[in-house]
Amino acid sequence: MAMGSIRASGGDDEDDLDSAPMSEINVTPMVDVMLVLLIIFMVAAPLMTTGVPVQLPKTTAAKVAQAKKPLEISIDKEGKPFLAKDELTPETIMPRLKALAAEDPTQVMLVRGDKDVPYGKIMEVMGLVGQAGFTKVSLIAQSPGGALPAAPAPAAGGAAR
């Protein structure tokens, strides 16, 4: 089966073959040009939002304080509390926490407890943190997927090889 062109008229004249109207429009070059323009505008748009260039005056005012790294109190398997890596004894935990709270009562305190520690022991330490004067206390837990919460779980029906 041969592929031929559509003729405008029913005649067999060779001149009619060259003068037949084209019935298709190729939009691929137009799409390519539009994508290039889109990329150009995406790159150039942030550069145009800088505003008016000005010379800022110098000041002797103190810099704005950055957010502080939160403090962490950890409870190991045996139920011993640690502030950072320093072990806290029952005699030293309250004075140490009160001293830290006196420095900055708005400081965030994160409580990390081993999964094998009884819940009551974690609540006891959280109570001491609150009594010391900290107002922002949070518990830390690990997501079910481990360190990467967005990682997909392996298929349940997969066999080991």
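Because the structure is predicted, anything quoted here is derived from the model rather than measured. (Residues numbered from 1 in each chain as written. Predicted model: local features only at pLDDT ≥ 70, side-chain atom pairs only at ≥ 80, totals over all residues. Heavy atoms only, no water.)

Participant: Before we move on, could you go through the pairing of strand S1 (residues 71–75) and cite the residues and values that matter?
Facilitator: Residues in a regular strand project their side chains so that they alternate between the two faces of the sheet. Of the strand pairs in this sheet, S1 and strand S4 (residues 108–113) are connected by 5 bridges, and their pairing is parallel. Bridging across to S4, Ile 73 finds its partner in Val 111. The antiparallel pairing of S1 with strand S2 (residues 81–83) creates a hairpin that spans 5 residues between the two strands, and Gly 79 there sits at a positive phi of about 90°. (Pairing = 2+ DSSP bridges. Helix = DSSP H or I, 4+ residues; strand = E, 2+ residues; numbered from the N terminus.)

Participant: Give a description of the packing of helix H3 (residues 93–103) against helix H4 (residues 119–132) that names residues and reports values.
Facilitator: At a minimum axis distance of 8 Å, the contact between H3 and H4 shows a crossing angle of 45°. By the criterion of interaxial angle, the relationship of H3 to H4 is oblique. In this structure, H3 meets H4 at a crossing whose hand is right-handed. Contacts between H3 and H4 involve Ile 93, Met 94, Leu 97, Lys 98 and Ala 101 from the first element and Leu 128, Val 129, Gln 131 and Ala 132 from the second. In the contact of H3 with H4, the residues fall into 7 nonpolar, 1 polar and 1 charged. (Axes fitted to C-alpha atoms, helices over the stretch in contact; angles between N-to-C directions. Parallel < 35°, antiparallel > 145°, perpendicular 65-115°, else oblique. Left-handed = near helix turned anticlockwise from the far one by under 90°. Contact = heavy atoms within 4.5 Å. Nonpolar A, V, L, I, M, F, W, Y, C, P; charged D, E, K, R; others polar.)

Participant: With reference to specific residues and values, describe the pairing of strand S5 (residues 136–140).
Facilitator: By the bridge criterion, 5 bridges tie S4 to S5 in an arrangement that is parallel. Looking at the pairing, Val 111 lines up with Leu 139 of S5. On the question of chirality, the crossover connecting S4 to the parallel S5 by way of H4 is right-handed. (Right-handed = clockwise from strand over helix to strand, strands pointing away.)

Participant: An account of the confidence of the model for the protein is requested, with residue identities and associated values reported.
Facilitator: In this model, the protein carries a mean pLDDT of 76, and residues with pLDDT of at least 70 account for 70%. Under a pLDDT of 50 for its full length, residues 148–161 has, in the predicted model, 1 contact with residues more than four places off or in other chains. (pLDDT = per-residue confidence, 0-100.)

Participant: Lay out the environment of Ile 93 with the relevant residues and their values.
Facilitator: Residue position: Ile 93 is located in helix H3. Measuring from C-alpha to C-alpha, the distance between Ile 93 and Val 129 comes to 9.1 Å, with 36 residues separating the pair along the chain. Each residue touching Ile 93, except ones within four places of it in the same chain, is listed here: Ile 73, Pro 81, Leu 88 and Leu 128.

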